[in-house]
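Given next are the chains, with one letter for each unit.
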Amino acid sequence: MLGFGAERLRADMNRLLALLFHQGVLDEQFLQLQQLQDESSPNFVSEVVNIYFHESEKLLRNLRGLLLDREFSDYKKMGTHLNQFMGSSSSIGAKRVRNVCVAFRTASEQSNRARCLRALELLEYEYCYLKNKLHELFQIEQQRILAAAGRYPPVQHHIDNP
């Protein structure tokens, strides 16, 4: 029964990954990142992604702070933050986040504050969507690992006998 639970969880992971690829949220770089994970570093992907999330939160705060400053005019600094965000997003395969960064950078190169504000909103949305979905994926993966090791029983339906 434990093997069945682990296989069901693996199928759930594969369905979620397929959805994220179909939606364009992730690209093949994420698969390459997964290939670097092995038994000696079973949490490699989640650790790399968590570093990405930590750094991305700082970049989003910096971008938001720049745009909300009424005296803002340093589009070059904004471009630097966006280049960092694009690079780190590309490295983990966060395709939609990277694409929004490209559009955001174009708006900043044109010194178009209104488009930058809209791009920031979209970037925050895409980032949150990515974060929630990858969090869901990692939770399923942890459940699968525990189920495969026999330490986490799958949901069982108990029948009480009187």
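Conventions and cut-offs
- Residues numbered from 1 in each chain as written.
- Predicted model: local features only at pLDDT ≥ 70, side-chain atom pairs only at ≥ 80, totals over all residues.
- Heavy atoms only, no water.
- Helix = DSSP H or I, 4+ residues; strand = E, 2+ residues; numbered from the N terminus.
- Contact = heavy atoms within 4.5 Å.
- Axes fitted to C-alpha atoms, helices over the stretch in contact; angles between N-to-C directions.
- Parallel < 35°, antiparallel > 145°, perpendicular 65-115°, else oblique.
- Left-handed = near helix turned anticlockwise from the far one by under 90°.
- Nonpolar A, V, L, I, M, F, W, Y, C, P; charged D, E, K, R; others polar.
- Buried < 20%, exposed > 50% of the residue type's maximum accessible area, 1.4 Å probe, protein only.
- Phe/Tyr/Trp six-rings, centres within 6.5 Å; stacked < 30°, edge-to-face > 60°.

Looking at an unreviewed UniProt entry, the protein carries the name Histidine-containing phosphotransfer protein, with the source organism given as Fraxinus pennsylvanica.

A tally of helices and strands in the protein yields 6 helices and 0 strands. Taking as baseline every contact in the protein between residues at least 6 positions apart, the subset at least 24 positions apart corresponds to 67%.

What follows concerns the packing of helix 4 (residues 75–92) against helix 5 (residues 95–109). Contact pair helix 4 / helix 5: the axes reach a minimum separation of 9 Å and the direction vectors enclose 165°. As summarised for this structure, helix 4 and helix 5 are arranged roughly antiparallel, according to the angle between their axes. When the axes of helix 4 and helix 5 are compared, the crossing they make is left-handed. Residue-level contacts link Y75, M78, G79, L82, N83, F85, M86, S89 and S90 of helix 4 to V97, R98, C101, V102, F104, R105 and S108 of helix 5. Split by residue class, the contact of helix 4 with helix 5 holds 9 nonpolar, 5 polar and 2 charged.

Locating I140 in the fold gives a position in helix 6 (residues 113–148). With relative accessibility at 13%, the residue I140 sits in the buried group. Separated by 129 residues in the primary sequence, I140 and A11 have C-alpha atoms spaced 9.9 Å apart. Contact partners of I140, with chain neighbours within four places excluded, come to L9, D12, M13 and L16.

For the rest of this paragraph, the subject is the packing of aromatic side chains. The final tally for this structure, using the stated rule, is 6 aromatic pairs. Relative to F85, the ring of Y52 has its centre 6.4 Å away and its plane inclined at 55°; by these criteria the two rings are tilted. Linking Y52 in helix 3 (residues 44–68) with F85 in helix 4, this pair joins segments that are 33 residues apart in sequence. A residue is classified by how much of its surface remains accessible, and Y52, at 4% relative accessible area, is buried. Residue class for F85 comes out buried when judged on its relative accessible area of 0%. Taken together, the aromatic side chains of Y52, F53, F85 and Y127 make up a single cluster linked through ring pairs.

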